[in-house]
Amino acid sequence: MGSAIILFGASGCSQAAQDEAGEGPVFLSEPLVSEIYTADPSTHVWEDGRIYIYASHDIESGIPEDDLGSHFAMRDYHVLSMDRVGGPVTVHPVALDIDDVPWAGRQMWAPDAAYKDGTYFLYFPAKDKQDVFRIGVATSTTPVGPFTAQPEAIAGSYSMDPNVFRDSDGTHYMYFGGIWGGQLQRWANGQYDANGSVSDLEQPDQPAIMPRIARMSGNMLEFAEEPREVMLLDELGQPLLGGDNDRRFFEGAWVFKRGETYYLTYSTGDTHYVVYATGTSPYGPFTYRGRILNPVQGWTSHHSVTEIAGQWYLSYHDTQLSGQTHLRNVMMAPLTFNADGTIQTITPMR
Ligand code: FUB
């Protein structure tokens, strides 16, 4: 495989020539850091104006790859930060280690963070001692930690990939869930079914499994309500179907608001797209609109969308540094909205 071409990277936007060998993929963006493997970037700008990325920390565990993602055996988190896109990126010391989470057993997957009243909240999924994915929360007085975990997972939480969205009225909502290894299909009846399907519910003509939402309590440590489904509709107002693999929800929900429009963005998993749907309420329904990101190198695709100094950015990951599915690296690219609010699709490699 030839060396990568960098069109947009940590050193800023630049146009580069074809790689010298003229072979191998041509990448749109350069990895933000190479000291550690990172994935699932949740990018935020807090009160101090600095950019913080809450990411998974990929490691080599030696666990064979399977459809449940057993090879993603992460054990801790580091926060990345920078003062501007394209500026130097700091990899901060361990923010939270699995050994300091009393309820967690294994697999610290994609995190997110929130800020309220002087406290930073790190939300993270992990399998509990019974091997059931739950979502935990840890707090810190600084954006980079160290964070102190609550003794128990959030009551009523399940599955993975939390995204905590702050609405313009200050209310926070958590979106979460993911199928296959994320176990959401095992919660079809509101209770965990250990014998449930390991993939979708295998009902291609029925409504797909939908992501979940719960409003957060004032202290940000609990759900203020029972989680409920967030409905994703097609252009005819019908629920997206389980067999609609190019459009149905798989994992990695990320919600943002632009003007009065709520955008629910997510990964389609086995078809490797990041797509988006829009609505007029945080609870939905959301109508499918199109693709944000074409497939990256690697199986997973996971992202966030953030407005930074008046420009929107997509944070995402691929396997440019390692060439291995479970050893990923995060990057960023500018995101462009059309005048009608639709989003121009990014092609991350050619
Ligand atoms: O990083 C582990 C898992 O892979 C994440 O939770 C998913 O979104 C996928 O990126």
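Residues numbered from 1 in each chain as written. Predicted model: local features only at pLDDT ≥ 70, side-chain atom pairs only at ≥ 80, totals over all residues. Heavy atoms only, no water.

### Quick notes on the sheet that holds strand S3 (residues 37-45)
Part 1: The strand order S3-S4-S5-S6 describes an open sheet built from four strands, whose pairing is antiparallel. Each edge of the sheet is formed by a strand with only one pairing partner; in this case those strands are S3 and strand S6 (90-97). Each strand axis lies, on average, 25° off the axis of its neighbour in the sheet, ignoring direction.
Part 2: Relative to strand S5 (residues 76-82), strand S4 (residues 51-58) runs antiparallel, the two sharing four bridges. Of the residues in S5, the one forming a bridge with isoleucine 53 is leucine 80. (Pairing = 2+ DSSP bridges. Helix = DSSP H or I, 4+ residues; strand = E, 2+ residues; numbered from the N terminus. Axes fitted to C-alpha atoms, helices over the stretch in contact; angles between N-to-C directions.)

### Points about the sheet that holds strand S22 (residues 311-318)
Part 1: The antiparallel open sheet is built from three strands, whose spatial order is S21-S22-S23. Each edge of the open sheet carries a strand with a single partner, namely strand S21 (304-308) and strand S23 (329-334). The sheet shows a mean angle of 30° between the axes of neighbouring strands, direction not considered.
Part 2: The pairing of S22 with S23 spans six bridges and is antiparallel. Counted as the bridge partner of leucine 314 is alanine 333 from S23.

### Re the packing of aromatic side chains
Part 1: Scanning all chains against the criterion turns up 25 aromatic pairs.
Part 2: Here the aromatic rings of tyrosine 173 and tyrosine 283 are separated by 5.4 Å at their centres, their planes lie at 85°, and the arrangement is edge-to-face. Within this pair, whereas tyrosine 173 is found in strand S13 (residues 172-176), its partner tyrosine 283 is found in the loop between strand S19 (274-279) and strand S20 (286-293), the two being separated by 110 residues in sequence.
Part 3: When the ring of tryptophan 187 is compared with that of tyrosine 192, the centres are 5.5 Å apart and the planes differ by 50°; the resulting orientation is tilted.
Part 4: For tyrosine 192, a relative accessible area of 25% corresponds to the partly exposed category.
Part 5: Here the guanidinium or amino end of arginine 258 rests over the ring plane of phenylalanine 337, the centre of that ring lying 4.0 Å away. (Phe/Tyr/Trp six-rings, centres within 6.5 Å; stacked < 30°, edge-to-face > 60°. Buried < 20%, exposed > 50% of the residue type's maximum accessible area, 1.4 Å probe, protein only. Lys NZ or Arg CZ within 6 Å of the ring centre and 35° of its normal.)

### A word on the pattern of salt bridges
Oppositely charged side chains are able to pair whenever their charged atoms sit close together.
Part 1: Applying the stated criterion across every chain, the model contains 13 salt bridges.
Part 2: Salt-bridge contacts for arginine 328 lead to aspartate 58; the nearest nitrogen and oxygen are separated by 2.7 Å. Residue arginine 328 is located in the loop between S22 and S23, and its partner aspartate 58 is located in strand S4; the two are separated by 270 residues in the primary sequence. Of the two residues examined, arginine 328 and aspartate 58, each falls in the buried class.
Part 3: Here arginine 248 and aspartate 200 are joined by a salt bridge, their closest N and O atoms 3.0 Å apart. You can see arginine 248 sitting in the loop between strand S16 (232-233) and strand S17 (251-258) and its partner aspartate 200 sitting in the loop between S13 and strand S14 (212-215), a full 48 residues away along the chain.
Part 4: Through salt bridges with shared partners, a single network forms among Asp40, Asp58 and Arg328. (Salt bridge = Lys/Arg side-chain N within 4 Å of Asp/Glu carboxyl O.)

### With respect to the layout of surface pockets
Part 1: In this structure, the largest pocket encloses a volume near 690 Å³.
Part 2: Around the largest pocket, the lining is made up of 26 residues, and of these His44, Val45, Trp46, Phe165 and Arg166 lie nearest the centre.
Part 3: Looking at the lining of the largest pocket, the elements that each hand over two or more residues are S3, strand S8 (112-116), strand S12 (163-166), S17 and S21.
Part 4: Taken together, the residues that form the lining of the largest pocket break down as 12 nonpolar, seven polar and seven charged.
Part 5: In this structure, the second largest pocket occupies an estimated 330 Å³ of space. (1 Å grid on protein atoms, 1.4 Å probe; cavity = no way out; pocket = protein on both sides within 12 Å on 5 of 7 lines; lining within 4 Å. Points joined across faces, edges and corners; volume = space filled by probe spheres on them. Nonpolar A, V, L, I, M, F, W, Y, C, P; charged D, E, K, R; others polar.)

### With respect to the pairing of strand S10 (residues 133-140)
Part 1: Among the eight residues of S10, six are classified as buried, and the element is accordingly described as predominantly covered.
Part 2: Direction of pairing for strand S9 (residues 119-128) relative to S10: antiparallel, over a ladder of eight bridges. Following the sheet pairing, tyrosine 123 is matched in S10 by valine 137.
Part 3: In textbook terms, the turn of a hairpin is the stretch between consecutive antiparallel strands, and for S9 and S10 this stretch comprises four residues, one of which, aspartate 131, has a positive phi near 70°.
Part 4: In this structure, S10 lies alongside strand S11 (residues 148-149), joined through two bridges in antiparallel fashion. Of the residues in S11, the one forming a bridge with threonine 139 is threonine 148.

### Focus: the site of the ligand
Part 1: Around the ligand, the structure places Asp40, Ser56, Met74, Trp109, Ala110, Met160, Asp161, Glu251, Thr300, His302, His317 and Arg328.
Part 2: Glutamate 251 is positioned such that a nitrogen or oxygen atom in its side chain is 3.5 Å from an oxygen atom of the ligand.
Part 3: Contacts to the ligand include arginine 328, whose side-chain N or O atom sits 2.7 Å from an oxygen atom.
Part 4: In isolation the ligand has 280 Å² of accessible area, and contact with the protein removes 98% of it.
Part 5: More than half of the atoms belonging to the ligand lie within 2 Å of the grid points that define the second largest pocket.
Part 6: Its residues placed into classes, the shell around the ligand shows four nonpolar, four polar and four charged. (Near = heavy atom within 4 Å. Polar contact = N/O pair within 3.5 Å; in protein donor to acceptor, adjacent residues only side chain to side chain. Areas by Shrake-Rupley, 256 points an atom, 1.4 Å probe, with all protein chains shown as cover. Sits in = over half its atoms within 2 Å of the grid points.)

### Some details on the pairing of S8
Part 1: Note: S8 against S9, five bridges, orientation antiparallel. Paired with tyrosine 115 across the two strands is tyrosine 120, which belongs to S9.
Part 2: Taking the residues that link successive antiparallel strands as the turn, the S8-S9 hairpin has two residues, and the phi of aspartate 117 there is positive, at about 50°.

That's the geometry; what it means functionally is another story.
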